[in-house]
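# Structural features, examined
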There are 2 protein chains.
Amino acid sequence: MTPRERLVVVGGDAGGMTAAAMARRRRPEDELEIVAFERTPHTSYSACGIPYYVAGLVDDADDLVARSPSEHRARGIDVRVGHDVVAIDSQRRTVDVVADGRTRTEPYDLLLVATGAVPVRPQLPGIEATGIHGLQTLDDGLALRREVDAGPPEHAVVVGGGYIGLEVAEALVMRGAHVTVVEAAEQPMTTLDADIGARVADAMRAVGIDVRLGVHVDGFEPGPDGRVRAVVAADSTIPADVVVLGLGVRPASALAREAGIDVGVTGGIVTDPTMRTSADGVWAAGDCVEVRHRVSGEPMAIALGTYANRQGRVAGVTMTGGSATFDGVLGTAVSKICSYEVARTGLREVDARRAGFDAVTATIESTTRASYFPGSQPITVKAIADRRTGRLLGGQIFGREGAAKRIDVMAVAIWSEMTAEELASSDLSYAPPFGPVWDPVAVAARKVADL
Amino acid sequence: MTPRERLVVVGGDAGGMTAAAMARRRRPEDELEIVAFERTPHTSYSACGIPYYVAGLVDDADDLVARSPSEHRARGIDVRVGHDVVAIDSQRRTVDVVADGRTRTEPYDLLLVATGAVPVRPQLPGIEATGIHGLQTLDDGLALRREVDAGPPEHAVVVGGGYIGLEVAEALVMRGAHVTVVEAAEQPMTTLDADIGARVADAMRAVGIDVRLGVHVDGFEPGPDGRVRAVVAADSTIPADVVVLGLGVRPASALAREAGIDVGVTGGIVTDPTMRTSADGVWAAGDCVEVRHRVSGEPMAIALGTYANRQGRVAGVTMTGGSATFDGVLGTAVSKICSYEVARTGLREVDARRAGFDAVTATIESTTRASYFPGSQPITVKAIADRRTGRLLGGQIFGREGAAKRIDVMAVAIWSEMTAEELASSDLSYAPPFGPVWDPVAVAARKVADL
């Protein structure tokens, strides 16, 4: 009889708990004990849902929690919240855990590092003022919502024009605030090419957001009560009753690095496709991990719930003796701002050039339904391809309701290394309520194939 | 100098006119004369849009016309409406054309046969009664709409529960009629597996349609005024002020057959992938053509505007010396009935077995948005795969708003011969307004991959 083994999961986010749940499904409790240590009181919540909770579209924060600690426990996973793992000894196979001010050493046979990401929080003057919020954890979301519920801010400033920045800007617009988004780059959403980014900026302005591009924040001005009252930038002071930092995140890999586990140039933990790290018996999953772009081969650190879930699944399978792989990313993403939608996948034009492709692009305008059908909305599709091989490399979509989710068609085509010609010729669905007879994605693929 | 050539197009539907427009773009008027003969007064209209015109969702029939005869003429295509081609002589390269009661012989160098499809119209007793409509041509649509506008029918019967039957049933429900759909098969939409077909039947009933399955129509009962007043079936007589025949179509290939051009087992004209027929100098495109299923290899006749357009494009390119191919079909289709949506692609479970695959299927229930996000709707996804190779063979989707167009993701995956595992692992987009973190299509693919 094999002795009972012990799997320790460091971090109760989606990646960690998906791995734990998968391992539980594959190995019964008398074979495998599973303990998960989580610093916060929460597990398995949808960080992507937080802006919608702030907006008031989702009323109960519990709705964002896919599975609570007690639900995990009922399924045979010993979740211990308020437990902070501060050290890993991969030789002795132990972790040091702090809870209630006491440090204990806990043994493991298998370890999963799912430490997630930490928000970028620049050490600018005044950043400790009250009223300056992150938006990374559920607690951040609860705090911001509480404040907005107590008295809607007149002036809100969002620092950073990435996905989260835009989504929280939308939320604050919906709550009645005058919202300014300050972005250091010359466009919002730098994961888009500049031309599509410009459309997003226009959309933001159309919904009433004051968009300041190419503007660096120098600091925050607190009032006499210690509460933020303005954001200070090079050439202007922007009034602010509330500030939200949406400057992105970086992998929380310090714990792994200190344990001698390989960390890559992106700051993310290096794993093989089965999610094994460089240390024997140690796996990693989620935002703390470095991923590889499937087209360019470049290492990247991208914090996305989908990757965390998929990596968690792979780790849960492989650490219990099964076979599964995480086969890279395309950076597929979708977002909306009020009735505008935007999405991207694969390489941008600039990425494609840098990766050595002879990149050509085509952008087309079409509609989400037959042009004569009620509710038809505009859609812009940009396709990026390699002129030499015809291979589709990237896609970006901007439009209104019904536009953006079509990015998945381009993502699957890029994933399977189709040429733009093949995508243009493939058999996509058509009926007037669902699109024009020449599907917009196929039209963009055709146009770039013919270049 | 090459002498000026003459391209004759037989039929002004989407396939014919797309070919003509493509040929025009590639060869100037002093090199290539283009003449198109069309029996009706209309060209290039969206037959798929007709039900929505009947419903009153589209107010002006001209909106359904992508390009009128005069617009084609302005672009250098000599469209002659009211011209009926009655014979082809592929040896002498001439066609006989009847117009205004006179027959003329017209020469050609290149011929494109785009004769479309003819509706199935069974020779049942009473079928000549007034009030019994087809729904194939724009004139059919105009006639039905005129009648409904004049006085909405109390009882409407649609014979045939295919896509067109369902769409016109929806239209008549919207116009306030009590609608009965009579279908000889045990399910509506026989291009779906029975389990998904059953959901469509439930949806039809939910929107108030009286659905009679497994019922054969024996005839039509005219009143004393010669107008239909009932549909007669084996065990019942169904009152009807108006009847719409939605029994499908078959390829209009008689003209080609009589000219000695090869016609396949499906009744469609046989072409190679460049849309050339068996006769020198003769191409064909659109509903009159036999296509090949990309997965099973079986010949099929499927009347879909998307195929007509794509085949027309290919023919227009290849008949002017360019290179292009039509690479088969998956039978991808999408439809809605009020707020319900349905879509399919690839092989059904039964098709897959018949084609020799070791077919396995998985059906999952999910939501179109994150479950906590406002407006989230149910979606059911069925995936069909080959157990031996893991290859994805087919997909079917049923749900409500935002569900069905996701079929394109499965269509592209099947087109590029992905395994279900590859689709499940690919990088699909996620944000709470657009889907749950595990995309429903990926969940279905995962489930079938794990069987």
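All figures in this text were calculated on a predicted structure; none of them were measured in a lab.

## Quick word on the overall build of chain A
Secondary structure assignment for chain A yields twelve helices and 25 strands. Relative to a compact globule of 451 residues, whose C-alpha radius of gyration would be 22 Å, chain A shows 23 Å and is just as compact. Principal-axis analysis of the C-alpha atoms gives chain A an extent of 70 × 60 × 40 Å. By the burial criterion, 57% of the 451 residues in chain A qualify as buried. A sequence separation of at least 24 residues applies to 66% of the contacts in chain A between residues at least 6 apart.

## Looking at the relation of the copies chain B and chain A
Mapping chain B onto chain A calls for a screw motion: a turn of 180 degrees about the axis and a shift of 0.0 Å along it, with 0.0 Å RMSD after fitting. The symmetry that links the two subunits is that of a two-fold axis. If distances are taken from each C-alpha of chain B to the rotation axis, the shortest is found for Val409 of chain B, at 2.4 Å.

## What to know about the sheet that holds strand 16 (residues 242-245) of chain A
Residue and element names in this part refer to chain A. Within the open sheet, the five strands sit side by side as 9-16-10-11-12. Their pairing is parallel. This sheet does not close on itself; its edge strands, each paired only once, are strand 9 (132-133) and strand 12 (210-213). Sheet topology note: the strand 11 (residues 178-183)/strand 12 ladder contains four bridges and is parallel. Within strand 12, the residue paired with Val182 across the bridge is Arg212. Across the face of the sheet, helix 5 (residues 163-174) comes into contact with strand 10 (155-159), strand 11 and strand 16 while running at roughly 165 degrees to strand 11.

## Concerning the domain arrangement of chain A
For an interface, size is often stated in terms of accessible area lost upon the parts coming together. Residue and element names in this part refer to chain A. Under the domain assignment, chain A is made up of domain 1 (5-118 + 250-318), domain 2 (121-247) and domain 3 (339-449). Computed from C-alpha atoms alone, the centre-to-centre distance between domain 1 and domain 2 is 29 Å. At the junction of the two partners, domain 1 supplies 13 residues and domain 2 supplies 17 residues. Classifying every residue of the side of domain 1 that touches domain 2 by side-chain character gives ten nonpolar, three polar and no charged.

## A word on helix 1 (residues 14-26) of chain B
Residue and element names in this part refer to chain B. Between its terminal C-alpha atoms helix 1 stretches 18 Å, which fits the 18 Å expected from 13 residues at 1.5 Å a residue. Here helix 1 lies mainly inside the structure; ten of its 13 residues are buried. For helix 1, the set of buried residues is Ala14, Gly15, Gly16, Met17, Thr18, Ala19, Ala20, Ala21, Met22 and Ala23. If you follow the buried residues of helix 1, they end up packed against strand 1 (5-10), strand 2 (32-38), helix 3 (69-74), strand 7 (110-113) and helix 8 (305-318).

## Considerations on the packing of helix 1 (residues 14-26) of chain A against helix 8 (residues 305-318) of chain A
All names here are of chain A. Running from N to C, helix 1 and helix 8 point in directions that differ by 30 degrees, and their axes come no closer than 7 Å. If you check the angle between helix 1 and helix 8, you find them roughly parallel. Crossing hand, helix 1 versus helix 8: right-handed. Between helix 1, through Ala14, Gly15, Gly16, Thr18, Ala19, Ala20, Ala21, Met22, Ala23 and Arg26, and helix 8, the contact on the second element is made entirely by Gly305, Ala308, Asn309, Gln311, Gly312, Arg313, Ala315, Gly316 and Val317. For the contact of helix 1 with helix 8, the per-class residue count stands at nine nonpolar, eight polar and two charged.

## Overview of the sheet that holds strand 7 (residues 110-113) of chain A
All names here are of chain A. Across the sheet, which stays open at both edges, the five strands sit in the order 3-2-1-7-18 with parallel pairing between neighbours. Of all strands in the sheet, those bounded by a partner on one side alone are strand 3 (78-81) and strand 18 (282-284). In this sheet, adjacent strand axes meet at a mean angle of 20 degrees when their direction is disregarded. Pairing of strand 1 (residues 5-10) with strand 7 involves four bridges; the strand directions are parallel. Opposite Val8, over in strand 7, you have Leu111 as the bridge partner.

## Here we look at the interface of chain B and chain A
Of the residues lining the interface, 51 residues belong to chain B; the matching set on chain A comes to 51 residues. Residue assignment for the side of chain B that touches chain A shows that the elements contributing at least two residues are helix 8, strand 21 (333-337), strand 22 (340-346), helix 10 (407-415) and helix 11 (420-425) of chain B. The dominant element in the side of chain B that touches chain A, judged by the number of residues it contributes, is helix 10 of chain B, at seven residues. Of the residues belonging to the side of chain B that touches chain A, the class tally is 31 nonpolar, twelve polar and eight charged.

## A short note on the nonpolar core
The biggest cluster of nonpolar side chains holds 320 residues, and the ones touching the most others in it are Leu112 of chain A together with Leu112 of chain B. When sequence neighbours within four positions are dropped, the list of residues in contact with Leu112 of chain A reads Leu7, Val9, Val10, Gly16, Ala19, Trp283, Ala284, Ala285, Ala315 and Met319 of chain A.

## Focus on the environment of Thr274 of chain A
All names here are of chain A. With respect to the helices and strands, Thr274 occurs in the loop between helix 7 (254-258) and strand 18. Judged by C-beta crowding, with 16 C-beta atoms within 10 Å, Thr274 ranks as partly exposed. Contacts of Thr274, omitting those with residues within four sequence positions, involve Val314, Thr318, Ala324 and Thr325.

## Notes on the environment of Ala177 of chain B
Residue and element names in this part refer to chain B. Relative to the assigned elements, Ala177 resides in the loop between helix 5 (163-174) and strand 11 (178-183). Owing to 23 C-beta atoms within 10 Å, Ala177 belongs among the buried residues under this scheme. In sequence terms Ala177 and Val242 are 65 residues apart; their C-alpha atoms lie 9.7 Å from each other. Excluding its chain neighbours within four sequence positions, the residues that come into contact with Ala177 are Pro152, Pro153, Glu154, His155, Ala156 and Leu172.

## Structural notes on the confidence of the model for chain A
In the predicted model, chain A carries a mean pLDDT of 96, and 100% of its residues have values of at least 70. Of the two predicted TM-score estimates for the complex, the pTM is 0.96 and the ipTM is 0.96.

## Overview of the packing of helix 10 (residues 407-415) of chain A against helix 10 of chain B
Between helix 10 of chain A and helix 10 of chain B, the least distance of the axes is 8 Å, while the angle of their chain directions is 15 degrees. Looking at the two axes, helix 10 of chain A sits roughly parallel to helix 10 of chain B. In the packing of helix 10 of chain A onto helix 10 of chain B, the handedness of the crossing is right-handed. Contacts between helix 10 of chain A and helix 10 of chain B involve Asp408, Val409, Val412 and Ala413 of chain A on the former and, on the latter, Asp408, Val409, Val412 and Ala413 of chain B. Residue classes in the contact of helix 10 of chain A with helix 10 of chain B are distributed as six nonpolar, no polar and two charged.

Procedures and definitions
Residues numbered from 1 in each chain as written. Chains lettered and ligands numbered in written order. Predicted model: local features only at pLDDT ≥ 70, side-chain atom pairs only at ≥ 80, totals over all residues. Helix = DSSP H or I, 4+ residues; strand = E, 2+ residues; numbered from the N terminus. Rg over C-alpha atoms; globule rule 2.2 N^0.38 Å. Buried ≥ 20, exposed ≤ 12 C-beta atoms within 10 Å, placed from the backbone. Contact = placed C-beta atoms within 7 Å. Least-squares fit on C-alpha atoms with pLDDT ≥ 70 in both. Pairing = 2+ DSSP bridges. Axes fitted to C-alpha atoms, helices over the stretch in contact; angles between N-to-C directions. Domains from an automatic or database assignment. Nonpolar A, V, L, I, M, F, W, Y, C, P; charged D, E, K, R; others polar. Expected span 1.5 Å × (residues − 1). Parallel < 35°, antiparallel > 145°, perpendicular 65-115°, else oblique. Left-handed = near helix turned anticlockwise from the far one by under 90°. Core = buried A, V, L, I, M, F, W, Y, C linked by C-beta atoms within 7 Å. pLDDT = per-residue confidence, 0-100.

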